[in-house]
Structures are given as structure tokens and as C-alpha cells.
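Chain residues, written in single-letter form:
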Amino acid sequence: MSQVIAFTNSKGGTGKSTLCANLAHTVAETGARVLLIDLTPQVTCTSLFLGGDMEAEETIVAALKKKPEKHLEDLVRESDKGLDVVPAHTTMADAVLHLSTIQLGKEGVLKREIERVRSQYDYIFIDSPGDLNELTVNAMVPATKILIPTRINRTDFSCTETTVKFIRDAEELIGPRTVRVVVNMLDPRYLPNGSWHNSHAGRLYHQAQETFNGSLCAIAIPDSSDVRTAFDRGQTVGEYRRQSVVAQRIRELAQCEVLGE
Ligand SMILES: Nc1ncnc2c1ncn2[C@@H]1O[C@H](COP(=O)(O)OP(=O)(O)O)[C@@H](O)[C@H]1O
Ligand SMILES: [Mg+2]
């Protein structure tokens, strides 16, 4: 049975798309069969793996709106980076609006679509937008694991706590989910084991350990301009600078949270 890993956080800009794209690519490099489903109007993963513009009817919007009547298998595209991608479109808001009007079973629309292709993949990654809405729930329902990237600051922590609570509330309906909070964009001076415990960031990190307790992933991803440069070049970090610290950390994260399961 394939693993389904969803990335979420009610806050934008925490690194959901970056970690989703880079982890999916790292896992695909091991030879695993990987599908990435992009649910975001920013189309970050779509442009990285597929490039170019596409019509809404060629994207996940069609499968969610059922207009035209399309299913996931009609929308899957092969990326030249070794994984399959279901692209998103800038008009994702239309799909959210449509989902909200469905009377029965609106939480399970994406799951039902995923079940149609699930046997063809070992891992399915879902990138979701910085919102908590019908789309977020649709990403959570099929997920076997939910990864919540966060930066080390109070606003991000507060949104991460809100996101965890949203998931815990939903669990009453959908059953338990494994939730992991991943610190992203950590100041590299604090890695590894730097003497940062008395600094402001050090105190916040300590607070994160207390707040998120067993859910906090031990591997933090450093802030690195390599991440931004790689994306601007249309590459993952592993493609751009395979030996960089950040690429190494992403491989460790993949091993610990995805492949090691
Ligand atoms: N570890 C990192 N180091 C440096 N920049 C990063 C890192 N992770 C993400 N970024 C940058 O931060 C911005 C927001 O990341 P993104 O993945 O789009 O966030 P989200 O999908 O949560 O909105 C992007 O410009 C991205 O390149
Ligand atoms: Mg994003």
C-alpha cells in the first residue's frame, strides 16, 4: 500500500512546496514510483517539474470540479525529473468553491480520485496551500502522514499550533494521522549543535520542542540561498548542489520521515 504524504500549514511561505518538491524528487531518485499532486494556486511544484502554462481543464481543478468530467489518471503527467505530477492551476479557488457546495462526501473527493491510481505508486506527495479549508481536508483524508513545515518565529509557531489543532479536531471524523512538524529555514549558524541555546532563536527552538513535543522532527532544514537559486534555475536542490548541507539534510529528512517508515 502506498504512503501518502501531505504538506500543510495555515501559513504561507513556510516551505511546504519546497520540501514537497525536494522530498518527492529525493524519493524518486531511489527508484521508487512517485506521484506528486499539486493543490496550490502558486503552482510551485507544477512549474518546477512540468514548466509552462496549462489550461485549468488539464489540471487537478478538473478532477475536483468534475468539469469537464476528468479523473486523476487523465491528468497525470510524466516529469523529466523521474516522477509523475498532477498539475495545479492558478484558479484553484474555483475548485475550493465547488467543493464547499457539495452536500455529501466533500472531504473525500481527492481520496476517491487517488484510489484510482494508488496501486501504481509507492509514494504520493500532496502539496497544499497556506489555508485551512475544504482543500486542506481533502489533502488530509488520504494522507498516511502530514508534514507541517515551520520557521522559527512566533507567527509561524502560532499558525503551526492552529494547524495541528485543526488536524486533531478533524481526527475525530477521519481517524488518527501521523503529524510531523519540520523546522525549515533554520539559521545555519545553529547547525549542528552550535552554541545558540541562549540566543532568541535558540529559545524559540526550545519552545518548539516543548510545544510540539513528540511531533517535532529531529532533522531541521537550514536556510540556504541554494534552495532559491535551484528553484530559479528550474532544479531541485539535489540537482543543483548535491553535496550542499541543505541537500544532505533533505536526503536525511526523506530517509527519516518517508523511506525509513
Ligand atoms: N530551506 C530554505 N532555505 C532558503 N529558502 C527557502 C527554504 N525553504 C523555502 N525557501 C524559500 O522560501 C520561499 C517560500 O517557500 P515555499 O516552499 O514556496 O513556501 P510555501 O509553499 O509554504 O508557501 C520560497 O522563495 C523558497 O524558495
Ligand atoms: Mg506553496
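Just so we're clear, the structure is a prediction, and the values are computed from it rather than from any experiment.

Rules behind the numbers
- Residues numbered from 1 in each chain as written.
- Chains lettered and ligands numbered in written order.
- Predicted model: local features only at pLDDT ≥ 70, side-chain atom pairs only at ≥ 80, totals over all residues.
- Helix = DSSP H or I, 4+ residues; strand = E, 2+ residues; numbered from the N terminus.
- Buried ≥ 20, exposed ≤ 12 C-beta atoms within 10 Å, placed from the backbone.
- Contact = placed C-beta atoms within 7 Å.
- Pairing = 2+ DSSP bridges.
- Near = placed C-beta within 6 Å.
- Nonpolar A, V, L, I, M, F, W, Y, C, P; charged D, E, K, R; others polar.
- Core = buried A, V, L, I, M, F, W, Y, C linked by C-beta atoms within 7 Å.
- Expected span 1.5 Å × (residues − 1).
- Right-handed = clockwise from strand over helix to strand, strands pointing away.
- Axes fitted to C-alpha atoms, helices over the stretch in contact; angles between N-to-C directions.
- Parallel < 35°, antiparallel > 145°, perpendicular 65-115°, else oblique.

Let's talk about the overall build of the protein chain
Then step 1. What the protein chain contains, in helices and strands, is 12 helices and seven strands.
Then step 2. In terms of principal-axis extent, the alpha carbons of the protein chain reach across some 55 × 40 × 30 Å.
Then step 3. Out of the 261 residues in the protein chain, the part that is buried amounts to 46%.
Then step 4. Counted over contacts in the protein chain with a minimum sequence separation of 6, partners at least 24 positions apart contribute 77%.

Quick look at the environment of Val 141
Then step 1. Within the element layout of this structure, Val 141 appears in the loop between helix H7 (134-140) and strand S6 (145-150).
Then step 2. C-beta crowding within 10 Å serves as the criterion here: with 21 such atoms nearby, Val 141 is assigned to the buried category.
Then step 3. Discounting chain neighbours no more than four positions away, the residues touching Val 141 are Glu 107, Gly 108, Leu 110, Lys 111 and Ile 174.

Concerning the sheet that holds strand S5 (residues 123-127)
Then step 1. The seven strands are arranged S3-S4-S2-S5-S1-S6-S7 in an open sheet whose pairing can be described as mixed. Each of the sheet's edge strands pairs with one partner strand only, and the pair in question is strand S3 (77-78) and strand S7 (178-183).
Then step 2. Both strand S2 (residues 34-38) and S5 contribute to a ladder of five bridges, which runs parallel. The partner of Asp 38 across the bridge, within S5, is Asp 127.

What about the site of ligand 1?
Then step 1. Surrounding ligand 1, one finds 18 residues, the nearest of these being Gly 15, Lys 16, Ser 17, Thr 18 and Val 227.
Then step 2. Listing elements by their share of the shell around ligand 1, those giving two or more residues are helix H1 (16-29) and helix H10 (225-232).
Then step 3. Looking at the shell around ligand 1 residue by residue, the classes come out as five nonpolar, 10 polar and three charged.

Details of the nonpolar core
Then step 1. In terms of nonpolar packing, the biggest core is built from 71 residues, with Leu 23, Ala 24, Val 34, Leu 36, Phe 125 and Ile 126 touching the most fellow members.
Then step 2. When residues in this core are grouped by element, the largest group, seven residues, is from H1.

Some points on the environment of Ala 28
Then step 1. As for its position among the elements, Ala 28 is in helix H1.
Then step 2. Residue classification places Ala 28 among the buried residues on the basis of 23 C-beta atoms within 10 Å.
Then step 3. Ala 28 sits 135 residues away from Thr 163 along the chain, and the two C-alpha atoms are 28 Å apart.
Then step 4. Beyond its immediate stretch of four places on either side in the chain, Ala 28 contacts Val 34, Gly 82 and Leu 83.

As for helix H9 (residues 200-212)
Helical geometry: 3.6 residues make up each α-helical turn, so side chains three or four residues apart lie on a common side.
Then step 1. Between the first and last C-alpha of H9 there are 18 Å, a value that for 13 residues agrees with the 18 Å anticipated at 1.5 Å per step.
Then step 2. At the C-terminal side of H9, Asn 213 shows a positive phi close to 45 degrees.

Quick notes on the environment of Ile 146
Then step 1. Mapping Ile 146 onto the fold places it in strand S6.
Then step 2. The spatial distance from the C-alpha of Ile 146 to the C-alpha of Val 179 is 4.8 Å, given a sequence separation of 33 residues.
Then step 3. Setting aside its immediate chain neighbours within four residues, Ile 146 contacts Ala 6, Thr 8, Met 140, Ile 167, Arg 177 and Val 179.

Let's talk about the pairing of S7
Then step 1. Judged by how many residues are buried, S7 sits mostly within the fold: five of six residues are covered.
Then step 2. In terms of strand pairing, S6 meets S7 through six bridges, oriented parallel. Bridge pairing links Ile 146 to Val 179 in S7.
Then step 3. Read from S6 through helix H8 (residues 154-174) to S7, the crossover connection turns out right-handed.

Remarks on unusual backbone geometry
Then step 1. In this structure, Met 185 takes a positive phi of about 60 degrees despite not being glycine.
Then step 2. When you line up the elements, Met 185 lands in the loop between S7 and H9.
Then step 3. Looking at Met 185, the number of C-beta atoms within 10 Å reads 22, which means it is buried.

Comments concerning the packing of H1 against helix H12 (residues 245-259)
Then step 1. Taken N-terminus to C-terminus, the directions of H1 and H12 make an angle of 80 degrees; their axes are 9 Å apart at the nearest point. Classified by the angle their axes make, H1 and H12 are roughly perpendicular. Listed contacts from H12 to Asn 22, Leu 23, Thr 26 and Val 27 of H1 are Ile 250, Arg 251, Leu 253, Ala 254, Val 258 and Leu 259.
Then step 2. Of the residues belonging to the contact of H1 with H12, the class tally is seven nonpolar, two polar and one charged.

Some points on the pairing of strand S1 (residues 3-7)
Then step 1. Most of S1 sits inside the fold, with four of its five residues counted as buried.
Then step 2. Judged from the three bridges that link them, S1 and S6 form a sheet pairing that is parallel. Considered in S6, the bridge of Ile 5 is made with Lys 145.

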